[in-house]
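# Geometric and topological summary
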Amino acid sequence: MPSKGTFSIWSNAKAHPAAYIAMFAKGETGFRIHYFGEGDQTEPCIDVANYDWCPLPSGAYTRVKNNTWYHFVFVLDKPNAYYYINGKLEVGKTDTNAWKTTGTEPVTIGNNEKTAGGNSRKRSFDGLLDEARVLSVPKDKNWAKLDFESQRPGSKLVRHAK
């Protein structure tokens, strides 16, 4: 896991059949952008080097619903980390714990290949994913907001000339 970077993905879940459904992951000890909980409304979570933010520590996190697009951005700028949903900062933390910066797990989209106990199929993402990105630099809150606003359904940020 790098000490600096930005990870983002668009997600539209059809269902949450189990807890810890990974949208974007690098094994159990790298990073995971995932959902926690089952049913129609669930909690979006972040996990860095097996250090869960579930539920998000702010307590006022965005509850996500099925069949709705959401944009998730996770920014690492060691020792700081920031998590945005739809361009809004959900939580920022300073963490002096040692994050694992190496590992051989592949980056996966829609599943976590290294799910313990052989549960990877049970915890596969059910829905649509788009625009998964890994950037080698930490982006700021303005970038997270612009990235969401420029791609969201019904966006009028960019207008095409007629």
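### Focus on unusual backbone geometry
For the bond running from Lys78 to Pro79, omega is 10°, close enough to zero to count as cis. Among the structural elements, Pro79 can be located in the loop between β7 (70–77) and β8 (80–85). Backbone geometry places Asn67, a non-glycine residue, at a positive phi of 60°. Following the sequence through the fold, Asn67 ends up in the loop between β6 (64–65) and β7. For Asn67, a relative accessible area of 56% corresponds to the exposed category. Positive phi values are uncommon outside glycine, yet Asn86 reaches one of about 50°. Positionally, Asn86 belongs in the loop between β8 and β9 (88–94).

### Focus on the packing of aromatic side chains
For the coordinates displayed, the defined rule picks out five aromatic pairs. On the numbers, 6.4 Å between centres and 40° between planes, the contact of Tyr70 with Phe72 is tilted. Across this residue pair, the class does not change: Tyr70 and Phe72 are buried. An aromatic cluster is present here, built from Trp10, Trp69 and Phe148 joined pairwise through their rings.

Cut-offs used in this document
- Residues numbered from 1 in each chain as written.
- Predicted model: local features only at pLDDT ≥ 70, side-chain atom pairs only at ≥ 80, totals over all residues.
- Heavy atoms only, no water.
- Helix = DSSP H or I, 4+ residues; strand = E, 2+ residues; numbered from the N terminus.
- Buried < 20%, exposed > 50% of the residue type's maximum accessible area, 1.4 Å probe, protein only.
- Phe/Tyr/Trp six-rings, centres within 6.5 Å; stacked < 30°, edge-to-face > 60°.

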